[in-house]
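Chain by chain, the residues run as shown.
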Amino acid sequence: MLFRKTLLIAAALAVITTARAGDSSGVMQITLDEAIATARVRSVDAAVALNELKTAYWQYRTFRADLLPEVNFQATVPSYRKNYSTYQLDDGSYTFVRNNNLQMSGMLSIDQNIWLTGGKLSLNTSLDYLKQLDGNKFDRFMSVPIALTLSQPIFGVNHIKWNRRIEPVRYEEAKAAFMSATEQVAMKAVDYFFTLLRLKENVKAAHQNFVNCEKLYEVAKAKREMGQISENDLLQLELNLLNSRTTLTDAESNYKSQMFQTRSFLGIDEGVELEPVLPETIPQAVVEYHDVLEKARSNNSFAKNIRRRQLEADYDVAKAKGNMREITLFAQIGYTGTSDNMNGAYDRLKDNQVVEIGFRIPILDWGKRRGQVKVAESNREVVESRLRQETMNFNQDIFILVERFNNQKSLVDIASRADTIALKRYHTNVETFMIGKISTLELNDSQSSKDNSRSNYIVELFLYWYYYYQLRSLTLWDFATGTGIDADIETIVKK
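Conventions and cut-offs
Residues numbered from 1 in each chain as written. Predicted model: local features only at pLDDT ≥ 70, side-chain atom pairs only at ≥ 80, totals over all residues. Heavy atoms only, no water. Helix = DSSP H or I, 4+ residues; strand = E, 2+ residues; numbered from the N terminus. Rg over C-alpha atoms; globule rule 2.2 N^0.38 Å. Buried < 20%, exposed > 50% of the residue type's maximum accessible area, 1.4 Å probe, protein only. Contact = heavy atoms within 4.5 Å. Areas by Shrake-Rupley, 256 points an atom, 1.4 Å probe, with all protein chains shown as cover. Lys, Arg positive; Asp, Glu negative; His and termini not counted. Charge placed at Lys NZ, Arg CZ, Asp CG, Glu CD. Salt bridge = Lys/Arg side-chain N within 4 Å of Asp/Glu carboxyl O. Expected span 1.5 Å × (residues − 1). Pairing = 2+ DSSP bridges. Phe/Tyr/Trp six-rings, centres within 6.5 Å; stacked < 30°, edge-to-face > 60°. Lys NZ or Arg CZ within 6 Å of the ring centre and 35° of its normal. Patch = residues over 30% accessible without salt bridge, like charges linked within 9 Å, V, L, I, M, F, W, Y side chains within 5 Å. Core = buried A, V, L, I, M, F, W, Y, C linked by side-chain atoms within 4.5 Å. Axes fitted to C-alpha atoms, helices over the stretch in contact; angles between N-to-C directions. Parallel < 35°, antiparallel > 145°, perpendicular 65-115°, else oblique. Left-handed = near helix turned anticlockwise from the far one by under 90°. Nonpolar A, V, L, I, M, F, W, Y, C, P; charged D, E, K, R; others polar.

Looking at the overall build of the protein
The secondary structure content of the protein amounts to 10 helices and 10 strands. For 495 residues, the compact-globule estimate of 2.2 N^0.38 gives 23 Å, and the C-alpha radius of gyration of the protein, at 39 Å, exceeds that figure by more than 25%. The dimensions of the protein, computed from C-alpha atoms along their principal axes, are 140 × 50 × 45 Å. Looking at the protein residue by residue over its 495 residues, the buried ones come to 38%. Sequence separation of at least 24 residues holds for 76% of the intrachain contacts in the protein that already meet a minimum separation of 6. For the protein, the accessible surface area stands at approximately 28700 Å², while carbon and sulfur atoms represent 53% of it. Seen as two clouds, the 61 positive and the 61 negative side-chain charges of the protein have centres 5 Å apart.

This is how it looks when you write it as C-alpha cells:
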C-alpha cells in the first residue's frame, strides 16, 4: 500500500516536472510529500537499498535451493590417452606399458541434501565406454543402471541444519532493513526539503529587509534635511542598507547551492527551479515508550540482527567442536553390468555395493583443536556482551526519541506563535520608526527577532517531521494512521 502510493505520487510529480520544466519560468512548486515520494523512487540511496535487498533475496533463494533436489549430469567425452604407464610384473619388478585408448563416460544423478542429518543422498545412473586402439582392439561398456548413494558425516557439525536456522533470520533482517532504509530516505528528503525551505525564507526575508531598508533610508535622508534625526542615525540606516544588500546576496547564493544539491538528490532536471511549499499541517500522534519499544523489537532489523549474530556465534562454537574429530560414512547400493556392446551392458546385471567408514581423530595436536573451541567460546561471550550493550543503547535511543517527539509538538506551536508575534512587532516598529518614535537600534532588534523567529519555526517544524519518520524507520509503523508499513518484497525485487 505504501509503495503503491509512493509510486503514484512520484509518477504524478514526474508529469508535473516535465510539464513545468517546459514553462518559461522553469519554476516548480514541490510539497514535502512529493519530495519524499520522489526520493523513494529516484534517489541513489533508494537504489542502493533496493540492490542490497535484491542481493539478500537471491542469497536466500540460493539457500532454499540447497534444500531441494538437484539434477546433475556429468560427462567426459572423450578422454584419449596414448602414453606409457607403470605396470608391476609377477616377480615384483616394474616395467612400462603403452596405452592407446579412448574413454567416454556419463552420469545422471538426482542429489538431495538431508538437513536433519547433514548428509547427502543421491540416486544416479551411469554408462562408461572404453575403446582399445592398439593390439587386441576391443570395445567395452559398463553400466550402472541405478545406484543409491549416501554420504553422511558423523559427530560433525550439521552445516545445513545451522543454515536453516540462520538464513531465514538473515533474510528477515534484510527485508526489515530495506523497509527502514526507505524511511531513512524519507528522513534525508525531509532534511533537504526543510533546508531548502529555510534558505528560501531567508532569501524572502533578506529581500523584504532590503526593500524596507531602502525605503527607510530615503525617508531618513528627508528627515535629516529637516533636522528631525541625527547624522548618526542616518549613517546607521545607510549601514543597514549596505548590510541588507550583502545579506541578500549571500542568501541567494546559499539558496542556489542548496537547490542544486536537492535536485541532485531527488533526480530532478537541473533546468527546474524548485519552490518548496511550507507544510500547513503536521501528523498528529502521541506515542508511548513501551508501545514504540515493542513495535521496534518486533519489526526493526535490529532485533533480527541480534538473533542472527547470536546464532552465528553458536555456529562457530559448533564448528570448532565438530572439527575435533571427523567420521564419514559412505554407502552405495545398486546394480552394474559389462559387455562388448551397449545393450549387453544392461543384461545380466550384478549387485554393486560399497560401504566405507573413514575417520580422522587427532592423537596428539598439542591442544590445538581444544584451543580453537575455547577461542570460539570466548568470541561468543564477547558477542553476547556486545549484544547486551547494543540492546541497552537501542532501548535508550528509543526512549530519548519518544521524549523528543512528544515534546516537539509544543515546541512547534511555541515557535509558530513566536514567528507571528515577531513579524507583527517588526511591522509595528517600522511604522513607529517612520513617525520618529523609536530608534534604529530598536528597529534593528525587531528585524533580527523577526528573521530569527521565522528560521527557528522552520527548524522546529523540520525536527518534528524528522522525528516522525525516524519513529517510522525504527518501528515500521505509522503512528499517525495506526497502520504498519509493509511492502510486497517479491514484487519489488523482481522488477
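Notes on the pattern of salt bridges
Across all of its chains, the model carries 24 salt bridges by this definition. Here Lys295 ties to Asp291 by a salt bridge, and the two come within 2.6 Å at their closest N and O atoms. Taken together, the residues Lys295 and Asp291, both in helix α6 (residues 289-299) and 4 residues apart, mark about one turn of the helix. According to the relative accessible area criterion, Lys295 is buried, its value standing at 18%.

Brief notes about helix α5 (residues 231-266)
Taking 1.5 Å as the rise per residue, α5 with 36 residues should run 52 Å; its terminal C-alpha atoms sit 52 Å apart, in good agreement. Positive phi shows up at Gly267, right after α5, with a value of about 70°.

Section: unusual backbone geometry
Excluding glycine, residues mostly carry a negative phi; peptide bonds, for their part, are mostly trans. At the junction of Val77 and Pro78, the peptide bond is cis and its omega measures out at -10° in the coordinates. For Pro78, the location among the structural elements is in strand β2 (residues 70-88). You will see that Arg348, though not glycine, has its phi angle at about 50°, which is positive. Here Arg348 is to be found in the loop between β7 (326-339) and β8 (350-360). Not every positive phi belongs to a glycine, and Leu476 is a case in point at roughly 55°. Among the structural elements, Leu476 can be located in the loop between α9 (440-475) and β9 (477-478). According to the relative accessible area criterion, Leu476 is buried, its value standing at 8%.

Some details on the pairing of β2
Pairing of β2 with strand β3 (residues 94-114), which is carried by 17 bridges, proceeds in the antiparallel orientation. Across the sheet, residue Val71 finds its bridge partner in β3, namely Ile110. Turn length for the β2-β3 hairpin, with the two strands adjacent in sequence and antiparallel, is 5 residues, and the turn residue Gly92 shows positive phi of about 95°.

Describing the packing of aromatic side chains
Taken as a whole and assessed by the stated rule, the structure comprises 16 aromatic pairs. Ring centres of Tyr60 and Phe63 lie 5.9 Å apart, and the angle between their planes is 45°; on these two criteria the pair is classed as tilted. Taken as a pair, Tyr60 and Phe63 lie in helix α3 (residues 44-66) at a separation of 3 residues, close to a single helical turn. According to the relative accessible area criterion, Phe63 is buried, its value standing at 7%. Between the NZ or CZ atom of Arg164 and the centre of the ring of Trp115, over which it lies, the distance is 3.8 Å.

A closer look at a nonpolar patch on the surface
On the surface, a nonpolar cluster with roughly 990 Å² of combined accessible area is contributed by Val71, Phe73, Leu108, Ile110, Leu121, Leu123, Ile146, Leu148, Ile333, Tyr335 and Leu349. Those elements that provide at least two residues to the nonpolar patch are β2, β3, β4 (119-132), β5 (138-154) and β7. Looking at the element boundaries, Phe73 is found in strand β2.

Some details on the environment of Thr31
Checked against the element boundaries, Thr31 lands in the loop between β1 (27-30) and α2 (32-42). Sequence separation between Thr31 and Glu275 is 244 residues, and the spatial gap between their C-alpha atoms is 8.6 Å. Contact partners of Thr31, with chain neighbours within four places excluded, come to Phe193 and Val277.

Here's the deal with the pairing of β4
With 14 bridges joining them, β3 and β4 adopt antiparallel strand pairing. Note that in β4 the partner of Leu102 across the bridge is Lys131. A loop of 4 residues connects β3 with β4, the two strands running antiparallel in sequence, and Gly118 in this loop sits at a positive phi of about 85°. Inspection of the sheet shows β4 paired to β5 by 12 bridges, in the antiparallel sense. The residue of β5 that forms the bridge with Lys131 is Asp139. Taking the residues that link successive antiparallel strands as the turn, the β4-β5 hairpin has 5 residues, and the phi of Gly135 there is positive, at about 65°.

Thoughts on the nonpolar core
Among soluble globular proteins, nonpolar side chains are generally buried collectively. If you look at the biggest cluster of nonpolar residues, it comprises 72 residues, and the most contacted ones within it are Phe194, Leu274, Ile398 and Trp465. Taken together, the elements giving at least two residues each to this core come down to β1, α2, α4 (159-225), α5, α6, α7 (301-322), α8 (368-434) and α9. Of all the elements, α4 adds the most residues to this core, at 18 residues.

Regarding the packing of α2 against α4
Two quantities define a packed helix pair, namely the angle between the axes and the distance from one axis to the other. The contact between α2 and α4 brings their axes to 9 Å, and the two run at 135°. On the basis of their axis angle, the class for α2 and α4 is oblique. You can see that α2 and α4 cross each other, and the crossing is right-handed. Contacts from Leu32, Ala35, Ile36, Ala39 and Arg40 of α2 reach α4 at Thr182, Glu183, Val185, Ala186, Ala189, Val190, Phe193 and Phe194. Split into classes, the residues belonging to the contact of α2 with α4 amount to 10 nonpolar, 1 polar and 2 charged.

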